[in-house]
Amino acid sequence: MKSFGSKPWILPQPVLIIGTYDKEGKPNAMNAAWGGQWDMHEIIISLSSHQTTDNLAANPEFTVTFATAETLVAADYVGIVSGRNTPDKMQKTGWTIEQAPNVNAPVFREFPMTLECRVKQLIDESETGCYLIGEIVNILCDEQYLGEDGTPDVESMRLITYDPIHHTYIRLGATVGKAFSDGKQLQKGKVKSEE
């Protein structure tokens, strides 16, 4: 095996779009890759200092959505352009922006699923950033992305993942197995071999 040393290469990495309002109620979005589930009802995101961190200091509520193949260009744009320096940042995305129903934060209608969140804790807060722990208040899903069972159909969303090795985005593919189920084949096999 070839050795590469220590790199931020956990895969897959989500492409998270964080939506916030500033103190005047102006919406902003940023792209964040380093985040994930923290607990049953909480997420964690590593944030450096951004317009988003300024906004969260004034209003501790936000949304998180997941970038898709269709939203890729604008999702990448909000990660490379700062709301601190680009007043028309959100207009350039072309996204439809609405008020979230349960938190004081924007929802971007072009994305299939959105988490409504509140800041629960900021860890290691400094001038350079923090680790944001957010409580998930509610999950919204566009009805066109609901499956026959009435729950979100992740496969139809065409979500993308960030490849930190090559600095590219990869579209997630088809379902290949059933969690907490497929492994039972080996479990049953093991039981048979012990008899």
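Provided above is the structure to which this section pertains.
Residues numbered from 1 in each chain as written. Predicted model: local features only at pLDDT ≥ 70, side-chain atom pairs only at ≥ 80, totals over all residues. Heavy atoms only, no water.

**Student:** Please clarify how the pattern of salt bridges should be interpreted in this entry.
**Tutor:** Oppositely charged side chains may form a pair once their charged atoms are brought near each other. Applying the stated rule across the entire model yields five salt bridges. Salt-bridge contacts for glutamate 61 lead to arginine 118; the nearest nitrogen and oxygen are separated by 2.8 Å. You can see glutamate 61 sitting in strand S6 (residues 61-66) and its partner arginine 118 sitting in strand S9 (residues 113-126), a full 57 residues away along the chain. Under the relative-accessibility criterion, glutamate 61 is labelled buried at 15%. When its relative accessible area of 31% is taken as the criterion, arginine 118 is described as partly exposed. Here arginine 158 and glutamate 70 are joined by a salt bridge, their closest N and O atoms 2.5 Å apart. Placement of the pair is arginine 158 in the loop between strand S10 (129-141) and strand S11 (160-163) and glutamate 70 in the loop between S6 and helix H2 (72-80), with a sequence separation of 88 residues. We classify arginine 158 as partly exposed; its relative accessible area is 33%. (Salt bridge = Lys/Arg side-chain N within 4 Å of Asp/Glu carboxyl O. Helix = DSSP H or I, 4+ residues; strand = E, 2+ residues; numbered from the N terminus. Buried < 20%, exposed > 50% of the residue type's maximum accessible area, 1.4 Å probe, protein only.)

**Student:** Help me understand the pairing of S9 in this model?
**Tutor:** A regular strand carries its side chains on alternate faces of the sheet. Pairing geometry for S6 and S9, over five bridges, is antiparallel. Directly across from glutamate 61, in S9, lies its bridge partner arginine 118. Pairing analysis gives 11 bridges linking S9 to S10, with the strands arranged antiparallel. When the bridges of S10 are listed, glutamate 116 appears paired with asparagine 138. The hairpin formed by S9 and S10 contains two residues between the paired strands. (Pairing = 2+ DSSP bridges.)

**Student:** For this particular structure, what's the right way to read the sheet that holds strand S1 (residues 13-14)?
**Tutor:** Two orientations exist for strands paired in a sheet by backbone hydrogen bonds: parallel and antiparallel. The three strands lie next to each other as S1-S11-S12, forming an open sheet whose pairing is antiparallel. The open sheet terminates on both sides in strands that have one partner only, identified here as S1 and strand S12 (168-171). Pairing geometry for S11 and S12, over four bridges, is antiparallel. By the bridge assignment for S12, aspartate 163 is matched with threonine 168.

**Student:** Teacher, can you tell me more about a negative patch on the surface here?
**Tutor:** Judged by side-chain charge, Glu148, Asp149, Asp153 and Glu155 come together as a negatively charged surface patch. Among the structural elements, aspartate 149 can be located in the loop between S10 and S11. On the basis of relative accessible area, aspartate 149 is assigned to the exposed category, the value being 60%. (Patch = residues over 30% accessible without salt bridge, like charges linked within 9 Å, V, L, I, M, F, W, Y side chains within 5 Å. Areas by Shrake-Rupley, 256 points an atom, 1.4 Å probe, with all protein chains shown as cover. Lys, Arg positive; Asp, Glu negative; His and termini not counted. Charge placed at Lys NZ, Arg CZ, Asp CG, Glu CD.)

**Student:** Any chance you could explain the side chain of glutamate 42 here in plain terms?
**Tutor:** In this structure, glutamate 42 sits in strand S5 (residues 42-48). Filtering out sequence-adjacent residues up to four positions away, glutamate 42 remains in contact with Gln37, Lys120, Ile133, Gly134, Glu135 and Ile136. (Contact = heavy atoms within 4.5 Å.)

**Student:** Where do I start with helix H1 (residues 51-58) in this structure?
**Tutor:** Residue pairs three or four apart in sequence face the same way in an α-helix, which turns once every 3.6 residues. Restricting attention to buried positions, one finds in H1 the residues Gln51, Thr52, Thr53, Asn55 and Leu56. Where H1 is buried, its residues touch strand S2 (16-21), strand S3 (27-32), S5, S6, S9 and S10.

**Student:** Can you walk me through the side chain of threonine 68 in this structure?
**Tutor:** Looking at the element boundaries, threonine 68 is found in the loop between S6 and H2. For threonine 68, the residues in contact, after removing those within four places along its chain, are Pro112, Met157, Arg158, Leu159 and Ile160.

**Student:** How should I be thinking about the packing of aromatic side chains in this particular structure?
**Tutor:** Aromatic ring pairs are reported here in terms of the distance separating the ring centres and the angle at which the planes meet. Counted according to the given criterion, the structure contains four aromatic pairs. Ring centres of tryptophan 95 and phenylalanine 108 lie 5.1 Å apart, and the angle between their planes is 45 degrees; this geometry places the pair in the tilted category. One end of the pair, tryptophan 95, is in the loop between helix H3 (89-93) and strand S7 (97-99); the other, phenylalanine 108, is in strand S8 (residues 106-108), and 13 residues separate them in sequence. Seen in terms of ring centroids, tyrosine 162 and tyrosine 169 are 6.2 Å apart; in terms of plane orientation they differ by 55 degrees. Their pairing is tilted. (Phe/Tyr/Trp six-rings, centres within 6.5 Å; stacked < 30°, edge-to-face > 60°.)

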